[in-house]
Number of protein chains: 2
Amino acid sequence: MAEWQSTVSPVALARQLRTAHLPEPAGHRPAYRELAGQVRLLVSEGRLAVGTRVPAERELAQALALSRTTVAAAYEALRADGYLRSRRGSGSWTTLPEGSSPPSDALHPLPPDESGRTLDLGIAALPAPQPWLGQAAARAVEQLPAYAAGHGNFPTGVPVLREAIARRFTARGLPTTPDQILVTTGAMTALQLVHHALLSRGDRVAVEAPSYAHTLRALQRADTRLVPVAQHRGRWDLPEWQRVLRDAAPRLAYVIPDFHNPTGALIDEDQRRALLAAARTSGTTVLVDETPAELGWNTTEMPRPTAALDRGAQVVTVGSASKILWGGLRIGWVRAAPGLIRRLATDRAFTDIGSPVMEQLIAAELLTEHLDEARADRHQRLRSSAEALLAALRDQLPRWGAELPPGGLTLWVSTDGLSGAALAQAGEQTGVRIAAGSRFGVDGAFEHHIRIPLTVPPAAAPDAAARLAATAALAATGHWPGLDSALPLAV
Amino acid sequence: MAEWQSTVSPVALARQLRTAHLPEPAGHRPAYRELAGQVRLLVSEGRLAVGTRVPAERELAQALALSRTTVAAAYEALRADGYLRSRRGSGSWTTLPEGSSPPSDALHPLPPDESGRTLDLGIAALPAPQPWLGQAAARAVEQLPAYAAGHGNFPTGVPVLREAIARRFTARGLPTTPDQILVTTGAMTALQLVHHALLSRGDRVAVEAPSYAHTLRALQRADTRLVPVAQHRGRWDLPEWQRVLRDAAPRLAYVIPDFHNPTGALIDEDQRRALLAAARTSGTTVLVDETPAELGWNTTEMPRPTAALDRGAQVVTVGSASKILWGGLRIGWVRAAPGLIRRLATDRAFTDIGSPVMEQLIAAELLTEHLDEARADRHQRLRSSAEALLAALRDQLPRWGAELPPGGLTLWVSTDGLSGAALAQAGEQTGVRIAAGSRFGVDGAFEHHIRIPLTVPPAAAPDAAARLAATAALAATGHWPGLDSALPLAV
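Residues numbered from 1 in each chain as written. Chains lettered and ligands numbered in written order. Predicted model: local features only at pLDDT ≥ 70, side-chain atom pairs only at ≥ 80, totals over all residues. Heavy atoms only, no water.

## Focus on the confidence of the model for chain A
Residue and element names in this part refer to chain A. Confidence in the prediction for chain A averages 88 pLDDT; 89% of positions are at 70 or higher. Confidence drops under pLDDT 50 across residues 1–5; counting only partners more than four residues distant or on other chains, this segment forms 29 contacts. pLDDT under 50 marks residues 480–491. Its contacts with residues more than four places away, or in other chains, come to 28 contacts. Across the interface, the model reports ipTM at 0.81; the global pTM reads 0.82. (pLDDT = per-residue confidence, 0-100. Contact = heavy atoms within 4.5 Å.)

Okay, here's the thing in structure tokens:
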């Protein structure tokens, strides 16, 4: 059975290998092992998708100016380790070894059998707000019989939840009616529906740099062209945004202004207005991801939602219950003009058809009855985690750079020139999962950053920082384990 | 804001208009109204997707051999009725009028405000099996705290549900381990993940004719090429399957052998083996949709699941809790080799990330504790509905053709030469939603069929047949309302 779909060209793979910024080899490792280690890193980090067809040996050798023998030996080593599969006449494609964790980048959850011995600094998600989740679930069970009498299919969402979401937008300063709301199965599904409705292959999409890793990859998988626009010290680079919107006339601009992922920045109303004005001129739809919007644990004033400043019906807003309530609910939403909401509801017949009824009832109950309590709980957790992590990092990794952001779920940390990807791979030895900064950029940018989620309890922060320091020492020694994971380590 | 994505070429639109098989115009209607009515039908039936860019007037006029004035007047009428929007320099694209029901074909649920006055013969979904759903939900609430302590993110599914699904496959004669199972958010999401992993644009996919409407359209939206293979009297046309597999060498064959949708046919083991043998020779992956597999209300012997006869690891199976349990749960699954399951789990980071925890716990509880009771309840409902509907149809529409199938959720009814699409549109006047047969075929096949879901209670069957008979009378008069819905009707 053929399992691949995408293909990476020799030139593109050579570029990815060059931007991997691995530590210099220690000198005693043959070139083929170095190459195999780099490809393995790209696969296990998820930057080269599983199932990607790789170039023929001769082509890659030419692109890398290596001998064909070296590339052939590297491919052989990758096959032996389960990272490559080949078939005569069909070429070779990337795979993951049997038994390795299915999600291949640190942004996926660890399999249960690994979560005991590994500190997961990849996934940025909190436990559910208790006891309110349990209370809301019990209330939902009481409401269920009224829905159980029907087919349970609500393409735009269960009315009580659409109303609750609309009320929350209105309370935040953006008057909203239920017919402007589509309930989705999480924010990624919402983004996927909007992308599919508004974008065609080859369309340009302007994105913040850095930005949310999974959205960037989802857009790349849809064959759009990403135009990154830098973010500086918690502000948009507005002249650059204006230039990109004018010159590239992107179909879509994707932004996270309310506690940006990964930096936690909060964009003020003046900047929002300026971006909307430029987007209006260029005819660009602004897709605002408000997934972290309720996480302002370090700010007192909230700007109004971006769509509240919109004078040209050009803003589409996506939000989620995953961060402020619980990721296990898988409830998100789109706020847009009723016509687009209808279009998206029709389109989802080809994806999830609708969202589950029970989760919608639970989310409606939580949003209506327990949002303030859940928010206070989250803010307290995030603030204490951030303060403890920052203190521990400054203590144990004083040359790394991090600041307390106004909100959000993560710290964005510069690593004093160490490769985030190398740290991520070294972390496999030291027992810590690390989200490399390059995951949040386009084409290998932000290599010298990592993202740390504020999910570490304050008491565990010193241990987390100690593990990171050990990982940094391993990554900096140059004794890169590569495929030699059986060798003794330098820690 | 630009809302379109896809484009329909003049030739393709002309072909769709030609296969629409509308009744002859009554003679007094101008050509532009006829054309506008046909386009409106394609849009409101969902065969021309909302947001599709339509050809320029001149091009369509040429393709249809009509004057440009006629096409311009038709477009103007469509704009006036809210079915088309145009912008200078950007062309025209299909829309739905404000306030019209978002799901535009009869396979979507009715909006609540319409469900009182309309008999919905579109959606084939039963109410939840009570009291077991409520009992399982209450049990799930008890189990929730253990999950609430974590992030709630399970890309492959909550272990108890993976285990329950694997046990059920094993009990059906197909030994299965949990690592062969991916829990998805309904069967459509499962199909979408499999399509994305196994297919590239332009790939050929062999499908039964007829087949499940939404899968056909999802495959067409992914720019694959469908190769329909006829189904005759509850059997596959095996010589034709063998010819198609040999000559077209499709990447994928999509089949519904266990109570086919829409015909309810059950394929025997000999036929399954013959198809698998041919697919092995052609290197085709067989995607088996088992969504209706537990609905054998009119058969005593069940063949083993298709994958149990597989000797080449070439079968991928998709299933769902929606039909045997409840559509409001949105729980489906994929059964495949562990390597493909891992790949799909990684891919879903760009769609739904994971399925909601509560629904998974409810589904696990229902599958483990209440499957037999739920199945008995479903079988009794479906059998009594089928028998009553069949009797009422034979009474009131004796020239229509239908038979009692061995199982499934629908009757596949031939309409004595009446256009199913015309019946669907006439049904808007007579208050009955009808799923036209052409929705289940490729390129307008099965125009003279409709699908009737077995969701009508036996006591309501005579009324349903009476409404269908009135609808048939209206559709047959030739007084096609088209855009003249304000005119008095011929009923």
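There is more to say after this.
## Description of the packing of helix α3 (residues 57–64) of chain A against helix α4 (residues 68–80) of chain A
Residues and elements named next belong to chain A. Taken N-terminus to C-terminus, the directions of α3 and α4 make an angle of 120 degrees; their axes are 8 Å apart at the nearest point. Relative to α4, the element α3 lies oblique. Along this stretch, α3 crosses α4, giving a crossing that reads as right-handed. Residues E57, R58, L60 and A61 of α3 pack against R68, V71, A72, Y75 and R79 of α4. In terms of residue class, the contact of α3 with α4 is built from 5 nonpolar, no polar and 4 charged. (Axes fitted to C-alpha atoms, helices over the stretch in contact; angles between N-to-C directions. Helix = DSSP H or I, 4+ residues; strand = E, 2+ residues; numbered from the N terminus. Parallel < 35°, antiparallel > 145°, perpendicular 65-115°, else oblique. Left-handed = near helix turned anticlockwise from the far one by under 90°. Nonpolar A, V, L, I, M, F, W, Y, C, P; charged D, E, K, R; others polar.)

## Section: the sheet that holds strand β3 (residues 91–94) of chain B
All names here are of chain B. Strand order across the open sheet formed by 3 strands is β1-β3-β2, with antiparallel pairing between neighbours. The open sheet has two edge strands, β1 (53–54) and β2 (84–87), and neither has a second partner. Where β2 lies against β3, 4 bridges are found, and the strand directions are antiparallel. Bridge assignment links L84 to a residue of β3, and that residue is T94. Across the sheet, helix α4 (residues 68–80) is in contact with β1, β2 and β3; its angle to β2 comes to roughly 110 degrees. (Pairing = 2+ DSSP bridges.)

## Some remarks on the relation of the copies chain B and chain A
Rotating chain B by 180 degrees and moving it 0.0 Å along the rotation axis overlays it on chain A with an RMSD of 0.2 Å. This pairing of chains is accounted for by a two-fold axis. Mapped onto chain A, 100% of the interface residues of chain B are again interface residues, and the two copies thus contact each other with one and the same surface. (Least-squares fit on C-alpha atoms with pLDDT ≥ 70 in both.)

## Regarding unusual backbone geometry
For the bond from Q130 of chain A to P131 of chain A, the omega torsion is 10 degrees, close enough to zero to count as cis. Structurally, the position occupied by P131 of chain A is in the loop between β4 (119–121) and α6 (132–148). N261 of chain B connects to P262 of chain B through a cis peptide bond whose omega is 15 degrees. If you trace the backbone, P262 of chain B turns up in the loop between β9 (252–255) and α11 (269–282). Positioned with a positive phi, R330 of chain A is a non-glycine residue whose angle comes to about 55 degrees. Take R330 of chain A: it is sitting in the loop between β11 (315–320) and β12 (332–335).

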